[in-house]
Amino acid sequence: MSPNAHITSHRKPRRPATQSWVVRTGVAGGVLSTLAVAGTASATTAEKPTEATAEMPAFNAELSASIAQSAVATQQTAVDYQVRAQVEDALDQAKADAKKAKEEAERKAEAERKAKEKREADEARASRDSDRGSLGTKSTADSSSSSTATGSSAALVNFLRAQVGKAYVMGSTGPSSYDCSGLVMAAYSQIGIDLPRVSQDQSTAGTQVSTSNLKVGDILYWGSAGSAYHVAVYVGGGKFIGAQNPSTGIVERSMSYSPPTGAVRVM
């Protein structure tokens, strides 16, 4: 037996190693958790003033920029509207001016047209009066020539007067109807003078003479020489005989009824 066997031991019993590790781990974990919470709270507390200080100026700057942009846009819209209104006013004024100028030009053109028509009518009237005066001056001499016409002139006039009252038929040369050039050709054939068939050629068949110096038997024409559209024969006394138109037939008329353009002499 050991000499120390009777001595009671005062050493505390040894705890299991596993229990001690768990305790230590728990304590350490609690400390670390406490420190983590404290650190997080401290960080949150420290960050909040910084965020407020950093974000507020940025918010104010963005708001100011938005307000400025809105003001600029509003001002530009007002300017655009004013410019558009001015352009529309200018266009309306230009249209009104153009319409007024057009109406004024039309009034002037109408006035000029009427003045021209009046001038031409006055000239035509003066020309007819002049022709009538010339014919009146020569009427006595022409009547004498007609009444004393002998030979071919008398035969020509007698034939023409015998045809008065007959019908006008286009293309006809007698004996019951005639057109204007057909009658002239037929009349001259009675005295042995052959003439072209149509009025255009008959207007250049002889010597051109003035309508103020006519003799019995002269061919009268209307239109231009070489392109006349109507012919007749002067029979003296200021009169002519011709196939006038389908309505009137062959007639004897005064020269004042329809003054001819010119005349040719073939006798």
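Residues numbered from 1 in each chain as written. Predicted model: local features only at pLDDT ≥ 70, side-chain atom pairs only at ≥ 80, totals over all residues. Heavy atoms only, no water.

Here helix α3 (residues 180–189) lies mainly inside the structure; eight of its 10 residues are buried. Burial in α3 covers these residues: C180, S181, G182, L183, V184, A186, A187 and Y188. (Buried < 20%, exposed > 50% of the residue type's maximum accessible area, 1.4 Å probe, protein only. Helix = DSSP H or I, 4+ residues; strand = E, 2+ residues; numbered from the N terminus.)

Okay, the sheet that holds strand β4 (residues 219–222) next. One open sheet holds the six strands; their spatial order is β3-β8-β4-β5-β6-β7, and the pairing between them is antiparallel. If you trace the sheet from one side to the other, it starts and ends with β3 (207–209) and β7 (249–254), each paired once. The mean inter-strand angle of the sheet, taken between neighbouring strand axes irrespective of direction, is 35°. Pairing of β4 with strand β8 (residues 262–265) involves three bridges; the strand directions are antiparallel. Paired with Y221 across the bridge in β8 is G262. In the packing of helix α2 (residues 151–163) onto the sheet, contacts are made with β5 (230–236), β6 (239–245) and β7, and the angle to β5 comes to roughly 120°. Relative to the sheet, α3 contacts β4, β5, β6 and β7, its axis offset from that of β5 by approximately 45°. (Pairing = 2+ DSSP bridges. Axes fitted to C-alpha atoms, helices over the stretch in contact; angles between N-to-C directions. Contact = heavy atoms within 4.5 Å.)

Next up on the list: the environment of I219. Positionally, I219 belongs in strand β4. I219 sits 47 residues away from V266 along the chain, and the two C-alpha atoms are 7.8 Å apart. Each residue touching I219, except ones within four places of it in the same chain, is listed here: V184, Y188, L195, Q202, V231, A232, G262, A263, V264 and V266.

Counted by the stated rule, this structure contains one aromatic pair. Between W222 and F240, the aromatic rings sit 5.5 Å apart at their centres with planes inclined by 65°, giving edge-to-face as the arrangement. On the criterion of sequence distance, the pair formed by W222 in strand β4 and F240 in strand β6 is long-range, its members being 18 residues apart. Of the two residues, W222 and F240, both sit in the buried class. (Phe/Tyr/Trp six-rings, centres within 6.5 Å; stacked < 30°, edge-to-face > 60°.)

Here we come to the nonpolar core. With 24 residues, the main nonpolar core has L160, L183, V184, Y188 and I219 as its most contacted residues. Elements with a minimum of two residues in this core: α2, α3, β4, β5 and β6. The dominant element in this core, judged by the number of residues it contributes, is α3, at six residues. Beyond its immediate stretch of four places on either side in the chain, V184 contacts L195, Q202, I219, V231, A232 and V233. (Core = buried A, V, L, I, M, F, W, Y, C linked by side-chain atoms within 4.5 Å.)

All right, on to the pattern of salt bridges then. Under the criterion given, the structure shown has five salt bridges. Between R107 and E104 there is a salt bridge, with the nearest N and O atoms lying 2.4 Å from each other. Taken together, the residues span about one helical turn, with R107 and E104 both in helix α1 (residues 17–147) at a distance of three residues. Among the ionic pairs, D179 bridges to R197, the shortest N-O distance being 3.0 Å. Pair noted here: D179 is in the loop between β2 (177–178) and α3 and R197 is in the loop between α3 and α4 (199–202), with a separation of 18 residues, a long-range link. On the basis of relative accessible area, D179 is assigned to the buried category, the value being 5%. Overall, R197 belongs to the partly exposed group, its relative accessible area being 28%. (Salt bridge = Lys/Arg side-chain N within 4 Å of Asp/Glu carboxyl O.)

Turning our eyes to something else, we now look at the confidence of the model for the protein chain. Residue-level pLDDT values for the protein chain average 78, and 69% of them are 70 or greater. Across the protein chain, element-level confidence peaks in β4 with a mean pLDDT of 98 and bottoms out in α1 with 65. Ignoring residues within four places in sequence, the model shows residues 31–38, a span with pLDDT below 50, making zero contacts including any to other chains. When the criterion is pLDDT under 50, residues 41–53 qualifies, and its contacts beyond four places in sequence or with other chains add up to one contact. (pLDDT = per-residue confidence, 0-100.)

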